[in-house]
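# Fold and contact review
For reference, the chains in residue letters:
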Amino acid sequence: MGLPHYQHYINGKWCPPSNNDFIESINPYTAKPWCLIPRGNANDMNQAIEAAHLAFTQGEWPKMNATARGALLRKLGDIVSQHAEHLAQIEVTDNGKLIAEMSAQLHYLPQWLYYYAGLADKIEGQVLPIDKADMFNFTLYEPLGVIGAITPWNSPLLLMIWKLAPALAAGNTFVLKPSEFTSASAFEFAKLVEQAGFPPGVFNVVSGTGQEVGDTLTAHPLVAKIAFTGGTQTGKHIYQQAATHLKKVSLELGGKSPNIVFKEAHLENAAKGVISGIFAATGQTCIAGSRLLVEKSIHDEFVEKVVAIAKTAKMGNPLSYETQVGPVTTKPQYEKILSYLDIAKAEGAKCVLGGSKATRPECGDGWFIEPTIFTSVNNNMRIAQEEVFGPVLSVISFEDEEEAVYLANNVIYGLAAGLWTQNMQRALNLSKRLQAGTVWVNTYRTLSFMSPFGGYKQSGIGRESGQEAIYQYLQPKCVWISTATEVPNPFIMRLK
Ligand code: NAD
């Protein structure tokens, strides 16, 4: 029996790729292909963009008011909720993340749809008490147009919904290019959009590589905004492409987040927080707490605690609820992580746990890496500065609060930071001084649809989730209405 084939979803129809070419999607646990996704090209992408543009300008969608759009998003939320388990299974098969995490993630996903469904008809302009006689002035918030969304492989549907829910609530239309490594769930999701009854062209999915379809999306004149999540290098390229037509962009990029542990912290909790920061999702998360900054006086004791927990991690089939560390999602990523293990050793870091590929019998042929901890890391080493995106922790010690802040901020990234302390004054002061879009105190890796998420510095531009996000898919318009009976001197600007 052949592998399941997916097709593009364009203008409410299922379409084979125009060159009839497909990409094998590999299950990282078996290292074998399990389905085929279309290898799109510029022709496919152009069709999707044109369909989305038509749907934005004509037909049912632009006539629908915000309350009706909200109702449709709520309906989609209900349908996604009914199919959450199926979507979770697809994502685990495609990207190797743990079923325990993906099931929870997919059951939580509809919250973004409900939140922005509710927000859709609460976007209010203002009547401004303008400083001119006989003049009435008010603001409107209007959608941007076609949104091009480009997503990575680590949490495909979650990172898509962060863009889709506010974009559609605001009245835009959407073209999604998922990662070529994990596109299956986007096509499964499109079936649910179809079931919800969205007008054709409002949501489209075209798969393929960045070069073959991504560039067409980012450079197309009919696309109003690119909403991207992925690596910082790709983000910079997309920013340049988008500049050609001065498209708006939001970029959610990489990180090298510190987890900072002070001596007065609840050390058992802090050790669990450090584990969740780096070994959950096999370290393949933008918010990975990949640098452990630990106060020198507790260094040995604390590292021992972290190593002791990491040693107990059960590796194996990500579809088993017992598994705690799954495979790496892609072969190139697996090779990249292995190369960083060599780099760290060559730089003089001391490997106190793991440090190699995992050859445990329960790992089969999958792309597994042993949970790895390096001590004696200096913040200038590549292992401390560059995003590894794998289960590799760098431990760096500090003398005092000043040094902790200096080390935490001394990277090009600024996505997140964790702070472990029982000293409230320190928690508040450092929360302000850490250059990161998210600061977690005595917790790590927790997210909500209500809380804006995004990066400082080279971790990105813009915010997703929360009320902030919907304004990134809207533009304000000012309307001036003169009630004067006469037009004043036409040769000068009207300032009075
Ligand atoms: P990537 O940058 O390689 O790819 C991301 C997406 O961009 C994919 O869909 C890819 O096909 C596409 N792409 C690649 N080249 C392109 C081009 N020239 N034009 C248009 N699109 C192009 O990233 P990845 O390896 O899939 O994901 C891992 C990265 O994502 C990590 O750096 C991670 O930190 C980051 N990430 C960030 C967040 C966040 O919210 N900040 C969340 C998850 C992942």
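What you see is a predicted model; the values in this text were computed from it and never measured.

### Describing the domain arrangement of the protein
Many authors give the size of an interface as the accessible area that is lost as the parts come together. When the domains of the protein are assigned, the result is domain 1 (8–253 + 459–478) and domain 2 (258–441). Spacing between the C-alpha centres of domain 1 and domain 2 amounts to 31 Å. Every contact between the two is made by 27 residues of domain 1 and, on the other side, 31 residues of domain 2. Counting the surface lost from both domain 1 and domain 2, the interface buries some 2,200 Å², and carbon and sulfur atoms represent 64% of this.

### What about the packing of aromatic side chains?
What the rule picks out here adds up to 18 aromatic pairs. Both rings, one in Tyr9 and one in Trp14, keep their centres 4.7 Å apart while their planes meet at 45°; by these two values the pair is tilted. Tyr9 sits in the buried class, given a relative accessible area of 4%. Given a relative accessible area of 29%, Trp14 falls into the partly exposed group. For the ring pair Phe189 and Phe203, a centre distance of 5.7 Å and an interplane angle of 65° mean the geometry is edge-to-face.

### Side note on the sheet that holds strand 6 (residues 135–143)
A sheet is described by the order of its strands in space; here 3 strands give the open sequence 5-6-20, paired in antiparallel fashion. Two strands lie at the open edges of the sheet, namely strand 5 (127–128) and strand 20 (474–482), each paired on one side alone. Two strands pair when backbone bridges link them, and strand 5 and strand 6 are joined in this way by 2 bridges, in the antiparallel orientation. Considered in strand 6, the bridge of Val127 is made with Phe138.

The rules behind each value
Residues numbered from 1 in each chain as written. Predicted model: local features only at pLDDT ≥ 70, side-chain atom pairs only at ≥ 80, totals over all residues. Heavy atoms only, no water. Domains from an automatic or database assignment. Contact = heavy atoms within 4.5 Å. Buried area = accessible area lost by both parts, 1.4 Å probe. Phe/Tyr/Trp six-rings, centres within 6.5 Å; stacked < 30°, edge-to-face > 60°. Buried < 20%, exposed > 50% of the residue type's maximum accessible area, 1.4 Å probe, protein only. Pairing = 2+ DSSP bridges. Helix = DSSP H or I, 4+ residues; strand = E, 2+ residues; numbered from the N terminus.

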